[in-house]
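# Breakdown of the fold
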Amino acid sequence: MSTFFYSKANETISYVVEQSSYNQKPALKVFAKFQTSRNGVTNLNFPSSMWGEESLKNHFKNFRTEEDSEILFNESEDLIQIKHADSLNYINVSYLIISSENSLEIDFVNYFRPFISKERFHILSFSLFVTSSLSMNPIYDIDIHWKNFDKDFLIHNSFNSNITHQNIKGIERDKFNQSVFIGGDYQLDEFFINNKKIVFASPVEWENIERNYLLDLVTKVIKIQRKFWDDYSQDYYTTILTPLSNYQDINYIGAGLTNSFMALIGDSSKISKDDILNLINHELLHNWIGVKIENKNEEKQYWFSEGFTEYYHFKLASKNCLSNQMESFFIKKINEFNYLLNSSQYNEIKNDELNYDSFWNNEGIEEIPYWRGALFAFYLDLSIRNKSDNKYSLDDLMFDILNDATNNNQTIDKDYFVKVASNYYGKDFGKLFDKHIVNGELIPLDNLYDRNKLSYSYQTSSKGVTYLKLLNDKNNLKIIFN
């Protein structure tokens, strides 16, 4: 059983999930039982769009109720309104979830959409389970029964493994929506860190990437990250890695979720161990930066949840020698991000212009908060160390933020971040933040390097872009990592 927190006001939902078919193709049938609203209109939720995916209701078929009722679909608000007798205490519904048309396997196009075949299913909660909303920010007690699956058909998800009857107590709707459910031909490997269970889920067959290498890397990274944050609070966590066969390019995609991380990796001979490290270390860090420490307005704070995650990926990977390039990996990635940001036509786009539509629909804009946020984190880290004579660093600020998020449900927004960062940087931090995050002006790394006596040179790329290149020498590494 997964337990989050309990309240007498929790909404109860029961689901039964069965294998089914739709137009002779595999599907999942879901039966659900919801508490009703006393005013005779119960609102249920199923999103039309999420994480850049549009028309998710194309996967949602044959919605019905068992009781006498009128069903109204309000797609603009992602609502299913059910009008029923005031005296009714519960409403029972059923529906089908289907794959995209002509989807023979999971791929980069349908990764955040439901995938269902005879051998496997892979679905995010928000596109599998209709939810209810009797209150503004509902908390659920959920019962899930996986019914009539073959005994050899694995059931695995963000909450447990190989359990056909699951109870999930006291979970917020957003955290339930941001979970993943898989079934079928995956193999599980279990290990424990400080007596806390970790499950690695992945198919056996990989053509160009060694499955044991993936398992070993995931194990190392989780140990390093939990030690860094000094956080062993999760009783259960899972990593789900799925290969995409017959894919010759270097490509991968992942997402940090509730109690879990999932990724799709192109099983190509061209992919390197550092490519895989970039994916796994970054996405596992989202368990803290993005999940435990949440953005108040998602895309508006991607400079933090994506950019600072990238920075700590560089930092932890280099300090713990996870890359073959050892500590030099950090300098390589800082130089790479500085070049990419300087090269972009959107390099000084204002933060308010980084919204849902621009981020998910413009590849040129999508990477900006990663590059900008990582370089800002680097600037802030060295500045804090410089101002405090190495007594403090960005790490101390991040630990304070995690503590506020864990104990006070604090989320990240401009006002909070400026306030807490000013404790380490000084009273002028608000001006620095406005200049480089809010207004998007390029970060003056030359001033930073000069103050910290770091060696660098000016480089001009073949495209005529001039940028600073931090030199890969022993003195620089000593200053950065001591």
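Treat the numbers as computed from the prediction; the structure is a model and nothing was measured.

As a further point, take the overall build of the protein chain. The secondary structure content of the protein chain amounts to 14 helices and 22 strands. For a compact globule of 482 residues, the expected C-alpha radius of gyration is about 23 Å, and the protein chain comes in at 24 Å, within 12% of that figure. With the principal axes as the frame, the protein chain shows a C-alpha extent of 75 × 50 × 45 Å. A buried classification covers 55% of the 482 residues belonging to the protein chain. Within the protein chain, contacts between residues separated by at least 24 positions form 66% of all contacts whose residues are at least 6 apart in sequence. Surface exposure of the protein chain reaches about 21,800 Å², of which carbon and sulfur atoms provide 42%. Each charge sign in the protein chain was given a centre, from 49 positive and 65 negative side chains, and these centres are 5 Å apart.

We now examine the environment of Asn 476. Along the chain, the position of Asn 476 falls in helix α14 (residues 474-481). Each C-alpha atom of the pair Asn 476 and Asn 452 lies 9.1 Å from the other, and the pair is 24 residues apart in sequence. Those residues within four positions of Asn 476 in sequence are excluded, and the remaining contacts are Ile 331, Lys 453, Leu 454, Ser 455, Leu 470 and Leu 471.

This paragraph deals with the packing of aromatic side chains. Tallied over the entire structure, the rule returns 48 aromatic pairs. Plain terms: the ring middles of Phe 121 and Phe 153 are 6.0 Å apart, the flat faces sit at 25 degrees to each other, and that makes the pair stacked. Of this pair, Phe 121 sits in strand β10 (residues 120-124) while Phe 153 is found in the loop between β12 (139-147) and β13 (154-157), placing the two residues 32 residues apart along the sequence. Of the two residues, Phe 121 and Phe 153, both sit in the buried class. Both rings, one in Phe 376 and one in Phe 433, keep their centres 6.2 Å apart while their planes meet at 80 degrees; by these two values the pair is edge-to-face. On the criterion of sequence distance, the pair formed by Phe 376 in helix α9 (residues 368-387) and Phe 433 in helix α12 (residues 429-438) is long-range, its members being 57 residues apart.

Glancing now at the sheet that holds strand β18 (residues 236-244). The 5 strands are arranged β16-β17-β18-β20-β19 in an open sheet whose pairing can be described as mixed. Pairing within the sheet leaves two strands with one partner each, and these edge strands are β16 (187-193) and β19 (252-257). For this sheet, the mean angle separating the axes of adjacent strands, direction not counted, is 15 degrees. Examined bridge by bridge, β19 and strand β20 (residues 260-266) share 6 bridges and lie antiparallel to one another. Bridge pairing in β20 places Tyr 252 opposite Ile 265. Across the sheet, helix α2 (residues 211-229) is in contact with β16, β17 (196-202), β18 and β20; its angle to β16 comes to roughly 30 degrees. Helix α3 (residues 273-285) rests against β18, β19 and β20 of the sheet, and its axis sits at about 15 degrees to β19.

Helix-helix packing is characterised by the crossing angle of the two axes and by the distance between the axes. Here helix α11 (residues 414-425) crosses α12 at 130 degrees, and the two axes come no closer than 9 Å. Between α11 and α12, the angle is such that the two are oblique. At the point where α11 passes α12, the crossing takes the right-handed sense. Of the residues in α12, those touching α11 at Lys 414, Phe 417, Val 418, Ala 421, Ser 422 and Tyr 425 are Phe 429, Gly 430, Leu 432, Phe 433, Asp 434 and Val 438. Here the residues of the contact of α11 with α12 sort into 8 nonpolar, 2 polar and 2 charged.

Pairing geometry for strand β4 (residues 41-45) and strand β7 (residues 79-83), over 5 bridges, is antiparallel. Each residue of the ladder has a partner; that of Leu 44, found in β7, is Ile 80. Both strand β6 (residues 70-74) and β7 contribute to a ladder of 5 bridges, which runs antiparallel. Considered in β7, the bridge of Leu 72 is made with Gln 81. In this structure, the hairpin formed by β6 and β7 is closed by a connection of 4 residues, where Asp 78 is found at a positive phi of approximately 55 degrees.

How each quantity is defined
- Residue numbering note: each chain is counted from 1, following its sequence as written.
- pLDDT decides what is reported in this predicted model: residues at 70 or higher carry local features, side-chain atom pairs at 80 or more are listed and counted, and totals for whole chains, interfaces and linings draw on all residues regardless.
- Side-chain figures throughout are based on the complete set of non-hydrogen atoms in the structure, without hydrogens or water.
- Strands here mean DSSP runs of E at least two residues long; helices mean DSSP runs of H or I at least four residues long; both are numbered from the N terminus.
- We compute the radius of gyration over the C-alpha atoms and compare it with the globule rule, which gives 2.2 Å times the number of residues raised to the power 0.38.
- Relative accessibility thresholds used throughout: buried, under 20% of the residue-type maximum; exposed, over 50%; partly exposed, between the two (1.4 Å probe, protein chains only).
- Contact between two residues is taken to exist if any of their heavy atoms lie within 4.5 Å; hydrogens are not considered.
- Residue exposure ignores everything except the shown protein chains as possible cover, and the areas themselves are Shrake-Rupley values with a 1.4 Å probe.
- Here the positive residues are Lys and Arg and the negative ones are Asp and Glu; neither His nor the chain ends is included.
- Each charge is placed at NZ for Lys, CZ for Arg, CG for Asp and CD for Glu.
- Aromatic pairs are defined between Phe, Tyr and Trp rings, using the six-membered ring for Trp, whenever the two ring centres lie within 6.5 Å; interplanar angles under 30 degrees are classed as stacked, those over 60 as edge-to-face, and all others as tilted.
- A pair of strands is labelled paired if DSSP reports no fewer than 2 bridges between them.
- To define axes, lines are fitted to C-alpha atoms, for helices over the stretch in contact only, and angles between the resulting N-to-C directions are given on a 0 to 180 degree scale.
- Should an angle fall under 35 degrees it is called roughly parallel, over 145 degrees roughly antiparallel, and 65 to 115 degrees roughly perpendicular, with every other angle called oblique.
- By convention, the crossing between two helices is left-handed when the near helix turns anticlockwise from the far helix through less than a right angle, and right-handed when the turn is clockwise.
- Residue polarity follows a fixed list, in which Ala, Val, Leu, Ile, Met, Phe, Trp, Tyr, Cys and Pro are nonpolar, Asp, Glu, Lys and Arg are charged, and the others, Gly among them, are polar.

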